[in-house]
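Report on the structure
One letter stands for each residue in the lines below.
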Amino acid sequence: MTGAMTFDEPSERRELRAAVAALAEKYGSDYYRSRAREGAYLTELWEEAGRLGYLGVNIPQEYGGGGGGIGDLAAVLEEFSAAGCPTLMMVVSPAICGTVLSRFGTPAQRGRWLPGLATGEAIMAFAITEPDAGSNAHRITTTARRDGDGWVLNGRKTFISGVDVADAVLIVGRIEDEATGRLSAALFVVPTDAPGFEARPIEMDLVSPDHQFQLFMDDVRLPADALVGDPEAGLLQLFAGLNPERIMAASLATGSALHALGKAVAYAKERTVWRDTPIGAHQGLAHPLAQVKIETEQARLMTQHAALRYDSGDDAGAGEAANMAKYAAAEACVRSVDQAVQTLGGNGLASEYGLGAAVVAARLARIAPVSREMVLNYVAQQSLGLPKSY
């Protein structure tokens, strides 16, 4: 039937998933946890994935990427996460920064950064959150002023991921119009070795190879071409990167949910306490695990829908779907990890199984990159037309 709907992924994406899953399984959760505890990055996995072209599947082919969409990159991250390697910098470097530069960067900026982002040889962090702004991007105070042919940037950022492995940071700031004093949003590429740029680590209870930083910009001088795109289109450019961020965060969460569910199911099939019956036969465990499976698959479908909307050019529709997907995926991830711990009992918090650290990581899914409350605000106002509460 012409125009019939299908819920099957294209064969190319299914093949991509299989290849990525095989690579991720070679490393697995033991590798991820050991690197995290050492305070080290997933360098070996990142470099091999880059060589095989998995990190740049969404980057245009003329810049060395795969020419696919955010749905393809989200599939890669979901498979990594399902294998126990939830690689946060995939959300940031190829997804947010790669998308913004692909859509709005100058030819010189695309030529400078996209080939490296595609292979993983270059990593770019993303900085929007500020200490006194939180979820309110309208209160951002990081400001750039013109200085001859260039810019001078001042401000602070917080909870910025991966600055220690990044070559540059895509920073969201504001430009002051000298005539009117009006501030407009703008994005700048700032090298991490620029004079006046300082990154200070934030101590976290989260066990992760992706570290968090505070950034301080004190009269950071930048060339004219550090500005990405048109400052008059700053918010449009920003949201072009935030929708992929939400889709990728959802895929990281659904993959992590599948990983925890897999551990719980395997344990429930083998563990016997009463007679010779595995504990998975008891409805007290079987039903909650079945619920986790249902809720995770619902979140996966919503995430794939959001990616399809985005890749088809429907930015408005993608915004609604991406926020819903991120919400659903975070809830499924938290529920999956919690039920996995409950299924394993005391072993659920033993380091051998890796679920204790996953409790904290899963909880983060409800907070970042956008809190569940802000998603509910968005849906209430944008989808339901309810009056704004703040």
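Each remark here, short or long, concerns the structure printed above.
Anyway, here's the lowdown on the structure attached to this text. Since the structure is predicted, the reported quantities are computational estimates derived from the model, not experimental observations. (Residues numbered from 1 in each chain as written. Predicted model: local features only at pLDDT ≥ 70, side-chain atom pairs only at ≥ 80, totals over all residues. Heavy atoms only, no water.)

This part is about the pairing of strand 3 (residues 150-161). Among the 12 residues that make up strand 3, 9 are buried, leaving the element largely enclosed by the rest of the structure. As defined by bridge partners, strand 2 (residues 143-147) adjoins strand 3 across 5 bridges and the pair is classed as antiparallel. The residue bridging Ala144 from the neighbouring strand is Leu153, located in strand 3. The hairpin formed by strand 2 and strand 3 contains 2 residues between the paired strands, and Gly148 there has a positive phi angle of roughly 65 degrees. The pairing of strand 3 with strand 7 (residues 212-222) spans 8 bridges and is antiparallel. Within strand 7, the position partnered with Arg156 by the bridge is Phe216. (Buried < 20%, exposed > 50% of the residue type's maximum accessible area, 1.4 Å probe, protein only. Helix = DSSP H or I, 4+ residues; strand = E, 2+ residues; numbered from the N terminus. Pairing = 2+ DSSP bridges.)

At a minimum axis distance of 9 Å, the contact between helix 8 (residues 315-344) and helix 9 (residues 355-364) shows a crossing angle of 160 degrees. In terms of their interaxial angle, helix 8 and helix 9 are classed as roughly antiparallel. As helix 8 runs across helix 9, the sense of the crossing is left-handed. Of the residues in helix 9, those in contact with Cys333, Val334, Val337, Ala340, Val341 and Leu344 of helix 8 are Leu355, Ala358, Val359, Ala362 and Arg363. Of the residues belonging to the contact of helix 8 with helix 9, the class tally is 10 nonpolar, no polar and 1 charged. (Axes fitted to C-alpha atoms, helices over the stretch in contact; angles between N-to-C directions. Parallel < 35°, antiparallel > 145°, perpendicular 65-115°, else oblique. Left-handed = near helix turned anticlockwise from the far one by under 90°. Contact = heavy atoms within 4.5 Å. Nonpolar A, V, L, I, M, F, W, Y, C, P; charged D, E, K, R; others polar.)

Secondary-structure assignment places Ser251 in helix 6 (residues 234-270). Here Ser251 falls in the buried class, since its relative accessible area comes to 4%. When neighbours within four sequence positions are excluded, Ser251 is seen to be in contact with Ala74, Glu78, Ser81 and Thr303.

The biggest cluster of nonpolar side chains holds 110 residues, and the ones touching the most others in it are Phe126, Phe188 and Phe197. In terms of residue count, the dominant contributor to this core is helix 6 (14 residues). Excluding residues within four positions of it along the chain, Phe126 makes contact with Val92, Ile96, Cys97, Ile160, Val169, Leu170, Val172, Leu238 and Leu242. (Core = buried A, V, L, I, M, F, W, Y, C linked by side-chain atoms within 4.5 Å.)

Before going further, it helps to spend a moment on unusual backbone geometry. As a rule of thumb, non-glycine residues mostly have phi less than zero, and peptide bonds are mostly trans rather than cis. Cis geometry is found at the peptide bond from Ala368 to Pro369, where omega equals 0 degrees. Counting through the fold element by element, Pro369 comes out in the loop between helix 9 and helix 10 (372-383). A positive phi angle, near 60 degrees, is found at Arg275, a position not held by glycine. Considering the arrangement of structural elements, one finds Arg275 in the loop between helix 6 and helix 7 (283-311). Among the residues examined, Arg275 registers a relative accessible area of 79% and is labelled exposed.

Right, let's get into helix 8. A rise of 1.5 Å per residue sets the reference length of helix 8, with its 30 residues, at 44 Å; its end C-alpha atoms lie 42 Å apart and thus fit the reference within 8%. Most of helix 8 sits out of view: 21 of its 30 residues are buried. Once helix 8 ends, the next one or two residues include Gly345, with phi positive near 65 degrees. (Expected span 1.5 Å × (residues − 1).)

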